Amino acid sequence: MVEYKLEIAKLIKEQVDLELEEIMSMIEVPQNADMGDFAFPCFKLAKTLRKAPPLIAKGIAESLANASMFEKVEQVNAYVNMFVSKEEFVKDAVAEVLEKKEDYGKSNVGEGRPVIVEFSSPNIAKPFHIGHIRSTVIGNAINKIYDAMGFKVTRINHLGDYGTQFGKMIVAYRHWGCEEDVKREPIKTLLEYYTKFHVEAETDPSLEDEARETFAKLEQGGQEETKLWQWFRDESLKEFTRVYDMLGIQYDSYAGESFYSDKMPQVVEELKEKDLLVESRGAMIVDLEPFGLTPAPILKTDGSTLYITRDLACAKYRENTYNFYKNIYVVASQQNLHFQQLKKILELMGYEWAKDIIHVPFGLVSLEEGTMSTRAGRVVFLEDVLNKAIEETRKIIEEKGVVTENVEETAKQVGIGAVVFNELSNNRIKDYVFKWDKVLDFNGETGPYVQYTHARCASIIRNAGEMDLTGFDPKYITSESAYQLVKAIADLPQVVIEAGEKYEPSVVTRHIVDIAQGFNKFYHDEHILVDDPEEKKAKVALVVAAKTAIKNGLALLGMDAPERM
Ligand code: ARG
């Protein structure tokens, strides 16, 4: 692809005495297409050139007028407005997509540098509910986006598999547990035990002591306790994995909190050596008040460790093991303080890589009927949501009489895709309300709409039959709607980089909607499978490019693109 800004800057540099980078940074992309594809404002130059900006603009416009990449160059007031040659642009842009195929949209800005993306990280023996969709789906998209940018990504699920609650769970199981129940419905059953523990402990406080002792035994590697804990973990993981499989999510590591249990003593030692630990009412903390943060508790009065102690050990382990360029945590904004503390402590420990700890926060998801509450039994399991989406989609497909080879498979791709796309449609930091009719709308800016557009492209290509698309003549695809579509397609690689830099998959989601809308406008305005073989060839080339861009874009979000629907 021609690097327009660079090429334009080179031409302008012949006229003005500025650095190439500076000129490039001055070149604008006008909002209004009437003002060209690129514009160069001349205000800044007035002082050095001692000329009125419009005069300067006129001089530059005249000198650029003959360059082959432009169709037209105009001076309007202090601006040089440049209209690039549509044919040149369309030819390069479409040919590039046809050549790169599934690699279109990728870049190598990452140069193979190691990046960790930690996402999902649910707590074991707790419901894997609709709230978890956020970290799971946003994190998976960030993982794919970084991969497409040429980073070497390690995907980690930092399971919440450690802490005093396991003492309680083991005690509860020993008192009231039933193996069959746990096997049949692990999470729901374990949660019941856990709830029962709290109810019973109100009248029998000795249960709390028992739980503390049991956790201590677990920490010391007690055989019985470890066996039970391992079993709870395995059963929970089975449930989580079912959901990850549905979403097509894979991990390189499930090193969760428990993985760091034997790595914490060193960190505590190190904090002591570096004079960072202070005593506060029997507990050990790091005082962060000078930095406007609340103190971080490292050891409880009984010497047991805390969540942040594990994260400190974890960050150090990751640095030693992966030598990360970035260590990205996709975790709810409720944990903002936790990650500020974590980063600050690592900084105080003298680690310059503390700056590469990146917390990517997101807002809350709620249900139309109100917030979820485990206690009130208002928990919506993620697996149930996905199954319902598949079910509803199957009904819609059957009503519409869609012809597909495999209704089941299509319903799955579209139903789950709908939920994923919805999740990634808004800026992640915004809270949002999960609404079924919005998720499954085939006409709105939704997953089904985009997938349907992709299937429409596929259908046109099938109807066109075998064709050799090389050497297509771009003059047939320069109409306004074709040109706008090409522009949207051509922007994809840059959009992926922008999304990565902002840790914001919704930038990709919205851009895919733009491409789909661009395609549908082109489809509406023009007859594609015309008789003239040359015209048909060029138009089919554009359809193939649109299909490729949509498919690759969806893949970055973790979505499939069915060929028929
Ligand atoms: N398990 C935690 C939770 O459910 C999230 C873990 C976040 N990651 C971390 N490294 N602290 O809230």
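Remember, predicted model here, so these are calculated numbers, not experimental data. (Residues numbered from 1 in each chain as written. Predicted model: local features only at pLDDT ≥ 70, side-chain atom pairs only at ≥ 80, totals over all residues. Heavy atoms only, no water.)

Draft legend 1. Representation of the overall build of the protein within the structure. In terms of regular secondary structure, the protein is built from 21 helices and 12 strands. Principal-axis analysis of the C-alpha atoms places the extent of the protein at approximately 85 × 65 × 40 Å. Taken across its 565 residues, the protein has 53% of its residues classed as buried. In the protein, once contacts between residues fewer than 6 apart in sequence are set aside, the share between residues at least 24 apart is 73%. If you sum the accessible surface of the protein, you get close to 26,400 Å²; carbon and sulfur atoms cover 48% of it. Of the charged side chains in the protein, 68 are positive and 92 negative, and the gap between their average positions amounts to 1 Å. (Helix = DSSP H or I, 4+ residues; strand = E, 2+ residues; numbered from the N terminus. Buried < 20%, exposed > 50% of the residue type's maximum accessible area, 1.4 Å probe, protein only. Contact = heavy atoms within 4.5 Å. Areas by Shrake-Rupley, 256 points an atom, 1.4 Å probe, with all protein chains shown as cover. Lys, Arg positive; Asp, Glu negative; His and termini not counted. Charge placed at Lys NZ, Arg CZ, Asp CG, Glu CD.)

Draft legend 2. Fine view of the site of the ligand. Taken together, Glu118, Ser121, Asn123, His158, Tyr307, Asp311, Tyr329, Val331, Gln335 and Phe339 make up the full set of residues adjacent to the ligand. In the model, a nitrogen atom of the ligand is placed 2.7 Å from a nitrogen or oxygen of the Tyr307 side chain. Asp311 is positioned with one of its side-chain polar atoms (N or O) 2.6 Å from a nitrogen atom of the ligand. The fraction of the free accessible surface of the ligand (350 Å²) that becomes covered by protein chains is 86%. Taken together, the residues that form the shell around the ligand break down as 4 nonpolar, 4 polar and 2 charged. (Near = heavy atom within 4 Å. Polar contact = N/O pair within 3.5 Å; in protein donor to acceptor, adjacent residues only side chain to side chain. Nonpolar A, V, L, I, M, F, W, Y, C, P; charged D, E, K, R; others polar.)

Draft legend 3. Region of the structure containing unusual backbone geometry. Located in the positive-phi region is Ala125, a residue other than glycine, with phi close to 60 degrees. With a relative accessible area of 1%, Ala125 lands in the buried category. Despite not being glycine, Arg281 shows a phi value in the positive range, around 45 degrees. Tracing the chain through its elements places Arg281 in the loop between strand E6 (277-280) and strand E7 (283-286). On the basis of relative accessibility, which here comes to 83%, the residue Arg281 falls in the exposed class.

Draft legend 4. The packing of aromatic side chains, seen in detail. Going through the model one piece at a time under the given rule, you end up with 26 aromatic pairs. Measuring from centroid to centroid gives 5.2 Å for Phe434 and Trp436, while their planes differ by 90 degrees, and the two rings are edge-to-face. For Phe434, a relative accessible area of 4% gives the class buried. In textbook terms, an aromatic cluster arises when at least three aromatic residues are bridged by ring pairs, as seen for Phe119, Phe128, Phe240, Tyr244, Tyr251 and Tyr254. The ring of Trp176 is capped by Lys196, whose NZ or CZ atom sits 5.2 Å from the centre of that ring. (Phe/Tyr/Trp six-rings, centres within 6.5 Å; stacked < 30°, edge-to-face > 60°. Lys NZ or Arg CZ within 6 Å of the ring centre and 35° of its normal.)

Draft legend 5. Spatial organisation of the pairing of E7. As judged from the 4 bridges shared by E6 and E7, these two strands associate in the antiparallel manner. Along E7, the bridge assignment pairs Ser280 with Ala283. If you look at the hairpin formed by E6 and E7, you'll find 2 residues sitting between the two strands, and Arg281 has a positive phi there, around 45 degrees. As paired strands, E7 and strand E8 (residues 296-299) are joined by 3 bridges and run antiparallel to one another. Directly across from Met284, in E8, lies its bridge partner Leu299. (Pairing = 2+ DSSP bridges.)

Draft legend 6. View of the pattern of salt bridges. Applying the stated criterion across every chain, the model contains 38 salt bridges. The partner of Arg184 in a salt bridge is Asp181, with the nearest N and O atoms 2.6 Å apart. Of this pair, Arg184 and Asp181 both sit in helix H8 (residues 179-184), 3 residues apart, roughly one helical turn. A salt bridge links Glu200 to Lys196; the shortest N-O distance between them is 3.6 Å. Taken as a pair, Glu200 and Lys196 lie in helix H9 (residues 186-203) at a separation of 4 residues, close to a single helical turn. On the basis of relative accessible area, Glu200 is assigned to the partly exposed category, the value being 28%. By relative accessible area, which is 34% here, Lys196 ends up partly exposed. Salt bridges linked by common partners bring Glu270, Lys274 and Lys316 together as one network. (Salt bridge = Lys/Arg side-chain N within 4 Å of Asp/Glu carboxyl O.)

Draft legend 7. Representation of the side chain of Asn552 within the structure. Note that Asn552 resides in helix H21 (residues 533-557). A polar atom in the side chain of Asn552 sits 3.0 Å from the backbone oxygen of Lys101. Within the local environment of Asn552, its side chain forms a polar contact with the backbone oxygen of Tyr104, the two atoms lying 2.9 Å apart. When sequence neighbours within four positions are dropped, the list of residues in contact with Asn552 reads Lys101, Glu102, Asp103 and Tyr104.

Draft legend 8. Structural context of helix H18 (residues 447-464). In this model, H18 (18 residues) spans 26 Å end to end at C-alpha, consistent with the 26 Å of a helix rising 1.5 Å per residue. When H18 is considered as a whole, its buried residues turn out to be Gly447, Pro448, Tyr449, Val450, Gln451, Thr453, His454, Ala455, Cys457, Ala458, Ile460 and Ala464. Buried positions along H18 lie against helix H16 (407-423), helix H17 (436-439), helix H20 (506-525) and H21. Two residues or fewer past H18, Gly465 is found with a positive phi of approximately 75 degrees. (Expected span 1.5 Å × (residues − 1).)

Draft legend 9. Representation of the sheet that holds strand E10 (residues 357-360). Pairing in this open sheet of 4 strands is parallel, and the strands run E5-E4-E9-E10 from one edge to the other. In this open sheet, the two strands that pair with only one neighbour each are strand E5 (152-156) and E10. Direction aside, the axes of adjacent strands within the sheet are offset by 20 degrees on average. Judged from the 5 bridges that link them, strand E4 (residues 114-118) and E5 form a sheet pairing that is parallel. Among the inter-strand pairings, Val117 is bridged to a residue of E5, identified as Arg155. Where helix H14 (residues 336-348) meets the sheet, it contacts strand E9 (326-330) and E10, and its direction lies at approximately 175 degrees from that of E10. (Axes fitted to C-alpha atoms, helices over the stretch in contact; angles between N-to-C directions.)

Remember that the coordinates give geometry; whether it matters functionally is a separate question.
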